[in-house]
Amino acid sequence: MAENVVIIGSGPAGLTAAIYAARANLSPLLITGQEIGGQIALTNEVENYPGFPEGITGPELVDLMQKQAMKFGARIEIDFVSEVNLKTHPFQLKTQNGLEYEAKTLIAATGASPRRLNVPGEKELMGRGVSYCATCDGFFFRGKEIAVVGGGDSALQEGLFLTRFAAKVHVIHRRDQFRAQPILQDRARENQKMNFVWNSVIKEIKGNGAVQSLALENTRTGDVTQFPAQGVFVYIGHTPNTELFKGQLDMDEEGYLNVDERLHTNIPGIFAAGETHDRVFRQAVVSAGYGCMAQMEAEKFLADMEHRGYPGK
Ligand code: NAP
């Protein structure tokens, strides 16, 4: 039998949709994806999610959301949706664990993944000094000199976290100004372990089995210098995880799903929530809000469908 609501993705958007759908008695099915909890689960300290004045870790926040969804009857499957057929209704889904589902409505909450530098050495040295997750890997860099790439909130927040372990954290930024929030910039400037390398981009990551140095190009002079570093943490933004929907859901050239103001995609009964469509705000609390909105629309859609059938059929 077709599921009422299938939610793909387990970040704040997906879990919020699950909480709302479960409380609406729709017995939603949430399929987590490979990165359970999404990006927030990789964040060490969350200080701006309302309701936690002392802050909370990302994994704790995700855990609480999961418990809340399950308490009301959401089913959470640890699996990865590998294929969808959205040209038929109910929609058809296949997972990596070999399961197949049918869904009357679908919420695409697959989030976004860290953008890669795409320079020589990055792929080869991934997990050997190249990382996208300070919370996961920071511990391995005790007493070492490391680089953090980027000038946004993630680069400074995670760079500050890395000062707990590293001897020195060099923030490599392509301009001479950060875009990060002023509070993070102040903290970074005050931290003796932080150093800023302005107007610089990495051309190559070098090392034999482990990161040893970086070839840095000065964006103003074009000069290339060798910069010693034993680790590189990359925080240069994200790309939406919408590959699964390519050719079926409308998206822009960067892969963000096209939605209307009520989060409807081009296919009736399919809604997007969070960083699959939001290229502007990208905050956990905003994604949670989108999860709520998408679910409310899915609920309304199901009610309409009961009376009138699936549109277009
Ligand atoms: P972001 O704001 O998009 O910043 C990406 C940074 O990487 C920018 O400084 C950008 O430089 C740089 N960059 C992009 N492509 C690059 C390349 N190819 N080579 C070198 N540098 C490159 O990404 P983010 O920091 O991950 O933040 C994403 C969103 O999450 C934001 O909305 C942010 O506010 C939010 N966030 C919030 C918090 C918090 O509230 N505490 C924490 C983390 C993230 P330019 O500046 O020159 O463009």
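The model shown is predicted, which means the values in this text are computed figures rather than measured ones.

Chemist: Any chance you could explain the side chain of Gln185 here in plain terms?
Modeler: Here Gln185 is to be found in helix α5 (residues 182-190). Leaving out residues up to four positions away in the same chain, Gln185 has contacts with Leu156, Phe178, Arg179 and Ala180.

Chemist: How should I be thinking about the sheet that holds strand β12 (residues 200-206) in this particular structure?
Modeler: Paired through their backbone hydrogen bonds, the strands of a sheet run either parallel or antiparallel. Ordered by their spatial adjacency, 3 strands build an open sheet running β12-β13-β14, and the pairing between neighbours is antiparallel. Of all the strands in the sheet, just β12 and β14 (224-228) have a single pairing partner and so form its edges. Pairs of neighbouring strands in the sheet enclose a mean axial angle of 30 degrees, with direction left out of account. Inspection of the sheet shows β12 paired to strand β13 (residues 213-218) by 6 bridges, in the antiparallel sense. Bridge pairing in β13 places Ser200 opposite Asn218.

Chemist: Looking at this model, I keep getting lost on the state of the cysteines. Mind explaining?
Modeler: Two cysteines whose sulfur atoms are joined by a covalent bond form what is called a disulfide. According to the stated counting rule, one finds 1 disulfide in the structure shown. The disulfide partner of Cys133 is Cys136, and the S-S distance across this bridge is 2.0 Å. An S-S torsion of about 75 degrees defines the bridge between Cys133 and Cys136 as right-handed.

Chemist: What am I meant to see in the pairing of strand β6 (residues 100-108) here?
Modeler: A regular strand carries its side chains on alternate faces of the sheet. With 5 bridges joining them, strand β1 (residues 3-8) and β6 adopt parallel strand pairing. Considered in β6, the bridge of Val6 is made with Leu106. Judged from the 4 bridges that link them, strand β5 (residues 91-95) and β6 form a sheet pairing that is antiparallel. Note on β6: the bridge partner recorded for Gln92 is Glu102. From the end of β5 to the start of β6, which pair antiparallel, there are 4 residues, and Gly98 there has a positive phi angle of about 85 degrees. Bridge count for β6 against strand β17 (residues 270-272) is 3 bridges, and the pairing is parallel. The residue of β17 that forms the bridge with Ile107 is Phe271.

Chemist: What is the right way to look at the domain arrangement of the chain in this model?
Modeler: Quite often, the size of an interface is put as the accessible area lost when its parts meet. According to the domain assignment, the chain contains domain 1 (3-114 + 238-308) and domain 2 (130-234). Just the C-alpha atoms count here: the centres of domain 1 and domain 2 sit 32 Å apart. The partner domain 2 presents 10 residues to the 7 residues of domain 1 that form the contact. When residues of domain 1 are sorted by the area they lose upon contact with domain 2, Leu42, Asn44 and Pro114 head the list and together hold 57% of the total. There are 2 salt bridges connecting domain 1 and domain 2. Between domain 1 and domain 2 we count 4 residue pairs in polar contact (both at pLDDT 80 or more) in total.

Chemist: Teacher, can you tell me more about the packing of helix α1 (residues 12-23) against helix α6 (residues 284-308) here?
Modeler: Axis angle and axis distance: for two packed helices, these are the angle between their axes and the distance between the axes, and together they describe the pair. Remark: α1 packs on α6, axes separated minimally by 7 Å, with the N-to-C direction vectors making an angle of 40 degrees. Here α1 lies oblique to α6, going by the angle between them. Read as a crossing pair, α1 and α6 show a hand that is right-handed. Contacts between α1 and α6 pair Pro12, Ala13, Thr16, Ala17, Tyr20 and Ala21 from the former with Ala284, Ser287, Ala288, Gly291, Cys292 and Gln295 from the latter.

Chemist: Where do I start with the site of the ligand in this structure?
Modeler: The full set close to the ligand counts 20 residues, and Asn48, Asp153, Ser154, Arg175 and Arg179 are the nearest of them. Between the ligand and the protein, one listed contact pairs an oxygen atom with a side-chain N or O atom of Arg179 at 2.6 Å. At 3.2 Å from an oxygen atom of the ligand is found a main-chain nitrogen or oxygen belonging to Arg282. When the free accessible area of the ligand is taken as 920 Å², the share hidden by the protein chains comes to 81%. Considered class by class, the residues forming the shell around the ligand number 3 nonpolar, 11 polar and 6 charged.

Chemist: Can you walk me through the sheet that holds strand β11 (residues 194-197) in this structure?
Modeler: Strand order in the open sheet formed by 5 strands is β8-β15-β9-β10-β11, and the pairing between neighbours is parallel. Each having just a single partner strand, β8 (130-131) and β11 make up the two edges of the open sheet. As paired strands, strand β10 (residues 168-172) and β11 are joined by 4 bridges and run parallel to one another. Note that in β11 the partner of Ile172 across the bridge is Val197. Lying on the sheet, helix α4 (residues 153-162) is in contact with β9 (145-149), β10, β11 and β15 (231-234); it crosses β9 at an angle near 165 degrees.

Chemist: In this structure, what is going on with the pattern of salt bridges? I would like to understand it.
Modeler: Two side chains carrying opposite charge are able to pair once their charged atoms lie near each other. Following the criterion strictly, the structure yields 11 salt bridges and no others. Lys246 is the partner of Glu243 in a salt bridge, and the nearest nitrogen-oxygen pair spans 3.4 Å. Of the charged contacts, one joins Glu297 and Arg262 as a salt bridge, the two residues approaching to 3.7 Å between their closest N and O atoms. Here Glu297 is found in helix α6, whereas its partner Arg262 is found in the loop between β16 (238-240) and β17, with 35 residues between them in sequence. The exposure class of Glu297 is buried, given its relative accessible area of 13%.

The rules behind each value
- Residues numbered from 1 in each chain as written.
- Predicted model: local features only at pLDDT ≥ 70, side-chain atom pairs only at ≥ 80, totals over all residues.
- Heavy atoms only, no water.
- Helix = DSSP H or I, 4+ residues; strand = E, 2+ residues; numbered from the N terminus.
- Contact = heavy atoms within 4.5 Å.
- Pairing = 2+ DSSP bridges.
- Axes fitted to C-alpha atoms, helices over the stretch in contact; angles between N-to-C directions.
- Disulfide = S-S within 2.5 Å.
- Domains from an automatic or database assignment.
- Buried area = accessible area lost by both parts, 1.4 Å probe.
- Salt bridge = Lys/Arg side-chain N within 4 Å of Asp/Glu carboxyl O.
- Polar contact = N/O pair within 3.5 Å; in protein donor to acceptor, adjacent residues only side chain to side chain.
- Parallel < 35°, antiparallel > 145°, perpendicular 65-115°, else oblique.
- Left-handed = near helix turned anticlockwise from the far one by under 90°.
- Near = heavy atom within 4 Å.
- Areas by Shrake-Rupley, 256 points an atom, 1.4 Å probe, with all protein chains shown as cover.
- Nonpolar A, V, L, I, M, F, W, Y, C, P; charged D, E, K, R; others polar.
- Buried < 20%, exposed > 50% of the residue type's maximum accessible area, 1.4 Å probe, protein only.

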